[in-house]
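Results of the structural survey
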Amino acid sequence: MTNNEPIAIAIVGGGAAGTATAHYLVQLLDKQTRKNAALEIDIYEKRGVIGPGLAFEKDNDALLMNMVTKDASLFADNLKHFWEWLTLTKQEQYKNIAMGGSSMAPDGFLPRGLFGHYMGHTFHDAVIKGKQSGIHLRERYCEVTEIDEHITGFELRTSTSEKYKYDFVVLCTGNSEPRDFYKLQGHARYINNPYPVRNYLSKIPQNDRIGIIGSQLTAADIAITMSHGGHQGPINLLSRTHELPAIRSILRPHNLRFMNLETLEKICLKKNSLSLRDLLRLLRRELKAAGENWQTIFFEHSKINPRDYFQNGIKNSIKDQPWQSVLVAIDQVVEHYWNKLSEKSKTEFLNTYHRKWNAKRVPLPITTAYKMSSLLMDGQLKFSPGLKKICPKSSHTFFAYVTDQECSAFTKEAPHEFDWIINATGPDRHVDLTRTHLVRYLIDNGAVNCNPYGGINVDFYSSALIKPCGKRNERFYALGHPTNGVFYFVSSLEMISNRAKIVATELVSQILGLKMLDAGDSQLDPMLGEKIGIAHE
């Protein structure tokens with residue numbers, strides 16, 4: 001390109017990852033740092049609105065955030081950003097919000113749709129600030145179906161058969177659909193993707209029997225939303241395991257004594273990688289130092305009655321449970337530890353401990369726990385672990401088979417019958433199995449390299465795509481769900497924010513033709529997201 005040609009960046013996906021990336025690009029590329037580099041940023045979104053994405057689009061008000069309001073920010077370096085937007089700006093229509101039992105208190109839980117509205121405003125603010133700095137931030141409401149790289153850059157093709165050229169691309173395509181474990185796709189009463197709930201809530205007769213595959217946060221959300229929407233028929237959580245989600249309790253700051261970066265460095269200096277045994281040993285020591293026993297946390301409640309589980313969990317939520325604070329603190333180092341785990345240990349962890357870890361690390365909001373307890377006590381909701389298979393019985397019904405009759409709501413004589421099956425198992429980790437046309441196209445054309453643990457390979461420190469030849473593609477980046485496997489946590493707002501800042505920093509560094517971005521003499525730690533002098537306005 002010549003000095004007179006604008007630099008063009010495509011952000012494919014307008015959810016949390018795309019919005020955060022656009023925000024950081026505009027923050028970094030102000031008039032002073034851009035100088036003569038004209039810049040155009042196009043952000044693609046097929047849903048017709050940029051900001052919320054699927055996770056936070058306006059849906060049902062019973063769907064609450066799973067983090068308290070004061071910590072629910074799009075920016076990990078400014079946790080008060082959402083709260084300040086909510087309370088200090090002129091959002092009068094939200095000042096007295098009381099939807100779905102939510103609360104405007106800092107420690108309350110607000111509807112996801114409201115947070116999506118905040119993200120839309122955040123993007124709008126980035127557009128305005130970009131204009132002030134001469135940055136053209138443009139919205140394109142269509143689906144990107146193909147991306148091809150040429151010597152001069154990239155060519156993107158859309159579902160409307162249009163073609164556009166770019167110098168850099170950032171892939172922010174969001175979560176994939178759940179995996180159809182029981183091959184039920186095509187059945188009229190099978191719902192593979194539970195969001196948005198509004199697509200099917202009114203279509204299900206009030207007294208129909210509903211089977212929800214899964215027992216974690218998504219399954220709880222769907223069960224509560226169905227009941228909140230007036231459903232009166234039985235609802236059954238169908239799970240292969242006995243795992244039920246933890247219930248959020250009081251969190252306090254925790255300084256990691258054993259499972260920290262210093263310990264990891266010492267281990268890797270000795271043997272270059274981390275074993276699962278090393279990881280579990282450090283976790284046990286960290287929990288023990290906090291007065292907790294890891295066996296009690298992860299294993300002892302495996303077959304407790306679900307009614308008792310929720311009642312006990314609600315009682316304990318007002319108590320100090322240090323193990324929850326420990327697991328939150330581990331978020332700051334989890335990607336480093338995952339990166340250093342041996343290949344064998346990663347496989348073993350995913351097969352043996354991943355479900356247990358997620359059940360404890362992603363707890364239910366207390367409001368959600370109260371509603372789940374109420375549904376269980378009323379008898380409308382039941383929990384059936386040991387799910388073996390689900391088969392269509394007819395065009396209108398399904399049979400579900402379980403192997404664990406001890407804790408099941410099913411009888412021993414016959415499989416249980418359902419009128420509807422909803423898949424609430426969460427996004428499929430493996431993008432090579434996804435039906436997303438763009439990801440499939442990139443894989444089939446050799447533009448990306450699949451990671452054995454789910455996503456596509458990117459550089460751990462920069463999020464630049466790794467070509468099949470093993471080299472970094474410094475013009476093509478990805479963050480969020482497509483990077484599953486390289487990173488362990490890919491969907492939390494904190495991780496998305498940190499990675500978005502890293503990608504924006506890498507792009508700015510290249511745009512300015514510098515080896516490293518000078519940001520007020522402060523540097524960005526690739527994983528911990530240290531501040532780089534960006535102030536939120």
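Below, the structure is looked at part by part. Positions within a chain are numbered from 1, following the residues in the order the chain's sequence is written. Only residues with pLDDT of at least 70 are given local features in this predicted model, and only at 80 or more are side-chain atom pairs given and counted; all residues enter the totals for whole chains, interfaces and linings. The basis for the side-chain values is all heavy atoms of the structure; hydrogens and waters are excluded.

1. With respect to the overall build of the protein
Under the DSSP-based scheme used, a helix requires at least four consecutive residues in state H or I and a strand at least two consecutive residues in state E, with every element numbered from the N terminus. Across its full length, the protein holds 16 helices and 17 strands. Accessible area is worked out with a 1.4 Å probe on protein chains only. A residue is then buried under 20% of its type maximum, exposed over 50%, and partly exposed in between. Of all 537 residues assigned to the protein, the portion counted as buried reaches 56%. Carbon and sulfur atoms form 49% of the exposed surface of the protein, whose accessible area is close to 24200 Å². All accessible areas in this document rest on Shrake-Rupley with a 1.4 Å probe, and a residue is counted as covered only by the protein chains that are shown.

2. Here we look at the sheet that holds strand S9 (residues 210–213)
Only when DSSP finds a minimum of two bridges between them are two strands counted as paired. Taken together, 5 strands build an open sheet; the order of strands is S8-S15-S9-S10-S11 and the sheet is parallel. Unpaired on one side and paired on the other, strand S8 (190–191) and strand S11 (381–384) mark the two borders of the sheet.

3. Re helix H4 (residues 112–132)
Working rule for helices: expected span equals 1.5 Å times residues minus one. Given a rise of 1.5 Å per residue, 21 residues ought to cover 30 Å, and the 31 Å separating the end C-alpha atoms of H4 matches this to within 8%. One or two residues past the end of H4 sits Gly134, with phi positive at roughly 80°.

4. What about the packing of helix H6 (residues 261–271) against helix H7 (residues 276–289)?
The description of two helices packed together rests on the angle between their axes and the distance between the axes. Where H6 meets H7, the axes come as close as 12 Å, and the angle between the chain directions of the two elements is 155°. Compared by their axis directions, H6 and H7 come out roughly antiparallel. Of the two possible hands of crossing, H6 and H7 adopt the one that is right-handed. Taking contact as the criterion, the partners of Thr263, Ile267 and Lys271 in H6 are, on H7, Asp278, Arg281 and Leu282. Here the contact of H6 with H7 is composed, by residue class, of 2 nonpolar, 1 polar and 3 charged. What counts as an axis is a line fitted to C-alpha atoms, over the stretch in contact for a helix, and the angles between N-to-C directions run from 0 to 180 degrees. Note on terminology: angles under 35 degrees are roughly parallel, angles over 145 are roughly antiparallel, angles of 65 to 115 are roughly perpendicular, and the others are oblique. What makes a crossing left-handed is the near helix being turned counterclockwise from the far one by less than a right angle; a clockwise turn instead makes it right-handed. Residue contacts are defined here by distance: any two heavy atoms, one from each residue, within 4.5 Å place the two residues in contact. Just so you know the grouping, Ala, Val, Leu, Ile, Met, Phe, Trp, Tyr, Cys and Pro go in nonpolar, Asp, Glu, Lys and Arg go in charged, and all remaining residues, Gly too, go in polar.

5. Digging into the side chain of Thr122
Position of Thr122 relative to the elements: it lies in helix H4. Not counting chain neighbours up to four residues away, the residues in contact with Thr122 comprise His23, Leu74, Phe75 and His81.

6. Notes on the environment of Asn305
Its place among the elements puts Asn305 in the loop between helix H8 (294–298) and helix H9 (306–316). Looking at Asn305, the relative accessible area reads 39%, which means it is partly exposed. Remark: the alpha-carbon pair of Asn305 and Phe383, spanning 78 residues in sequence, is separated by 9.0 Å.

7. Topic: the pattern of salt bridges
A carboxyl oxygen of Asp or Glu within 4 Å of a side-chain nitrogen of Lys or Arg is what we treat as a salt bridge. Evaluated as defined, the whole model comprises 27 salt bridges. Between Arg157 and Asp148 there is a salt bridge, with its nearest N and O atoms 2.1 Å apart. Taking relative accessible area as the criterion, Arg157 reaches 15% and is therefore assigned buried. Residue class for Asp148 comes out buried when judged on its relative accessible area of 19%. Where Arg475 meets Glu149, a salt bridge forms, and the shortest distance between an N and an O atom there is 2.9 Å. Taken together, the positions of Arg475 in strand S17 (residues 472–478) and Glu149 in strand S4 (residues 144–150) put the pair 326 residues apart, joining distant regions of the chain. Arg475 gets classed as partly exposed once you look at its relative accessible area, which sits at 23%. Here the salt bridges share partners, and the residues they tie into one network are Glu146, Asp148, Glu155, Arg157 and Lys165.

8. Looking at the packing of aromatic side chains
Given two aromatic rings, their pairing is described by the distance between the two centres and the angle made by the two planes. Between the rings of Phe, Tyr and Trp (Trp by its six-membered ring), a pair exists once the centres lie within 6.5 Å; its type follows the angle of the planes, with under 30 degrees stacked, over 60 edge-to-face, and the other angles tilted. With the rule as written, the count across this model stands at 25 aromatic pairs. When the centroid spacing of 6.2 Å and the interplanar angle of 80° are considered together, the rings of Tyr44 and Tyr166 count as edge-to-face. Of this pair, Tyr44 sits in strand S2 (residues 39–44) while Tyr166 sits in strand S6 (residues 163–166); the two residues are 122 residues apart in sequence, bridging distant segments of the chain. There is no split in this pair, since Tyr44 and Tyr166 are both buried. Taking 5.0 Å as the distance between ring centres and 70° as the angle between the ring planes, the aromatic pair formed by Phe82 and Phe115 counts as edge-to-face. Of this pair, Phe82 sits in helix H3 (residues 81–88) while Phe115 sits in helix H4; the two residues are 33 residues apart in sequence, bridging distant segments of the chain. An identical accessibility class is assigned to Phe82 and Phe115; each is buried. Ring-pair connections join several aromatic residues into one group, and the members of that group are Trp294, Phe298, Phe299, Trp338, Phe349, Tyr353, Trp357, Tyr453, Tyr488 and Phe489. Stacked on the ring of Tyr164, the Lys or Arg Arg140 has its end atom at 3.9 Å from the ring centre. A ring is scored as having a charge over it whenever the NZ atom of a lysine or the CZ atom of an arginine sits within 6 Å of its centre and within 35 degrees of its normal. The ring of Phe181 carries Arg240 above its face, with NZ or CZ at 4.6 Å from the centroid.

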